Amino acid sequence: MSQFGRHFWTVSGVMGGFSAGAAASVLLLKPSAAAPAAPAAPAPAPADQLFTSDQGRVPAREFPAPATASAAPVTHGSVYDSAIRTCRELANLTKEEVGIPGLCVAVSVNGETVWTEGFGYADVENGVPCTPKTVMRIASISKPLTMAALAKLWESGKVDLDLPVQHFVPSFPDKTFEGKPVEITTRMLVSHLSGIRHWKGGEEKEPDPSTKPEFYLNTRFKSVEDALTIFQNDELCHRPGTTYLYSSPAWTLISAVMEKAAGAPYHVIMTNMCNQLGLRNTKLDLNEKITPGRARYYSRNKHGRLINSPCVDNSCKWAGGGLQSTVGDLVKFGDAMLYCHQGGPSGYLKKATIDTLWTVSPNTMKEPQSLGYFSGYGMGWAVTPALVYYGGVEPQAFSVNHSGGAVGASSILLVNPKQPSDSLPAGVTVAITVNLQGVGLLHLARNIAHYFWDAKCQAAST
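What you see is a predicted model, and the numbers here were worked out from it, not measured in a lab.

A. Region of interest: the pattern of salt bridges. Per the stated rule, a full pass over the model turns up 14 salt bridges. Here Glu-96 and Lys-95 are joined by a salt bridge, their closest N and O atoms 3.8 Å apart. When sorted by exposure, Glu-96 lands in the same class as Lys-95, which is buried. Between Glu-225 and Lys-260 there is a salt bridge, with its nearest N and O atoms 3.3 Å apart. Here Lys-260 lies in helix H6 (residues 249-262) and Glu-225 lies in helix H5 (residues 224-227), a separation of 35 residues in the sequence. Residue class for Lys-260 comes out partly exposed when judged on its relative accessible area of 44%. Within the structure, one salt-bridge network assembled from shared partners comprises Arg-197, Lys-200, Glu-214 and Asp-234.

Here you go:
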């Protein structure tokens, strides 16, 4: 990896309406008596300091201090102490700079979770701190999870990815483009090549109520098939298979294909997979369910003031953006996929299957709009392929990821495979969730992965 983008600056005072202090909860693993313990995270700022107004700070209110047992770090000597200190500062910097109420992060190295921590507040109004067990919307990280379950159906022969979707979902209308009949296959859907549009009305943080944007729907749909009525009669945006167009509604159609192929509801399919992979905190984001540790969700209005996000019902987008989870579950899932990719015996998916998912699909490769990586889209995953630009220049390393943006939440799951040595999986997996809408987290995740792998390599060389 290039040295570009590895530097960071500490901040003091107030940025984005937040004080420099932040509530934090941490669990550090892999003890080692030889290394000094990482310092504790800074003491939490009062939750009332999360607000700003044109006149300055809102008058102070009384908030209970976070309980010591949940907010104070549990530290042990570790080869990763230096990486933890650096990445804790990076996470706090991002939180303060963007004005994020609460942030959770987990890092796994070679299949072992070595750092997981919560920063800030899961619930600002009640002063509830984020912890590693805080449950948040994972938004479009729902796609790679759904893809894993679909791939299992594909391996078992229950789904043919190249048949027209009407083979599984006869109620979905036949499509035309420029007056000629066209076919949409499940393979096109999972790579955003179907021509089906994204959410109508956009994903603005302050939507115009008169436009009724679909992203903010608060309607309970009776079934996955019922939710198809949102878009199934609309014209295609391009000829299927020719052009990349990111589409979360297309994943609702994917879940309908899965239901017909498996003969079971989507939530049953996903529950079975999550049970098999040990993902105990990954479920549908149902408002009415009592969910211990669930965060509240926020955005910022046009004045930059923190506000509660509106209530939404995700029954129109379970597969594409309607799941909730913890960062611990997400790195566990990423490690399970990495294990399959590296040919581990008895993996959830075959190596050939996950390799197909992690290969850039035709017509999806794109150049970065700013300093960054050339990347494309595989099947349910964004793929950064290994590339060599010129001799004497560090090559671009292979990785996969998926970011997520939901009403009041943002997320990232990054998997950086490394050359296996004595055990599987080999590599770094990073998961980050925040309870603020519209936050880009991939750059932070890449930096965190870099520091932890460097720490691993330095420990191995001494």
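B. Inspection of a nonpolar patch on the surface at higher detail. Together, Tyr-389, Tyr-390 and Val-393 line one region of the surface with nonpolar side chains, adding up to about 330 Å² of accessible area. Tracing the chain through its elements places Tyr-389 in the loop between strand S13 (382-384) and strand S14 (399-406).

C. Representation of the packing of helix H3 (residues 142-155) against helix H7 (residues 266-277) in the model. The N-to-C vectors of H3 and H7 enclose an angle of 90°; their axes lie 10 Å apart at closest approach. When the interaxial angle is binned, H3 and H7 end up roughly perpendicular. Side by side, H3 and H7 meet where Leu-145, Thr-146, Ala-148 and Ala-149 of the first sit next to Tyr-266, Ile-269, Met-270 and Met-273 of the second. Classifying every residue of the contact of H3 with H7 by side-chain character gives 7 nonpolar, 1 polar and no charged.

D. Representation of the sheet that holds strand S5 (residues 136-137) within the structure. The strand order across the open sheet formed by 3 strands is S5-S11-S8, and the pairing between neighbours is antiparallel. The sheet is open, and its two edges are formed by S5 and strand S8 (283-284), each paired on a single side. Of the pairings in the sheet, the one linking S8 to strand S11 (residues 323-325) comprises 2 bridges and is antiparallel in character. When the bridges of S11 are listed, Leu-284 appears paired with Leu-323.

E. Geometry of the nonpolar core. Of all hydrophobic cores here, the largest spans 87 residues; its most connected members are Ile-196, Leu-253, Tyr-266, Met-273, Phe-333 and Met-337. When residues in this core are grouped by element, the largest group, 8 residues, is from H6. Ignoring sequence-local partners within four residues, the contact set of Leu-253 consists of Val-165, Val-169, Phe-172, Leu-189, Ile-196, Leu-228 and Phe-231. Counting 35 residues, the second largest nonpolar core, distinct from the first, contains Ile-84, Phe-119, Tyr-298 and Ile-412.

Basis of the calculations
Residues numbered from 1 in each chain as written. Predicted model: local features only at pLDDT ≥ 70, side-chain atom pairs only at ≥ 80, totals over all residues. Heavy atoms only, no water. Salt bridge = Lys/Arg side-chain N within 4 Å of Asp/Glu carboxyl O. Buried < 20%, exposed > 50% of the residue type's maximum accessible area, 1.4 Å probe, protein only. Helix = DSSP H or I, 4+ residues; strand = E, 2+ residues; numbered from the N terminus. Patch = residues over 30% accessible without salt bridge, like charges linked within 9 Å, V, L, I, M, F, W, Y side chains within 5 Å. Areas by Shrake-Rupley, 256 points an atom, 1.4 Å probe, with all protein chains shown as cover. Axes fitted to C-alpha atoms, helices over the stretch in contact; angles between N-to-C directions. Parallel < 35°, antiparallel > 145°, perpendicular 65-115°, else oblique. Contact = heavy atoms within 4.5 Å. Nonpolar A, V, L, I, M, F, W, Y, C, P; charged D, E, K, R; others polar. Pairing = 2+ DSSP bridges. Core = buried A, V, L, I, M, F, W, Y, C linked by side-chain atoms within 4.5 Å.

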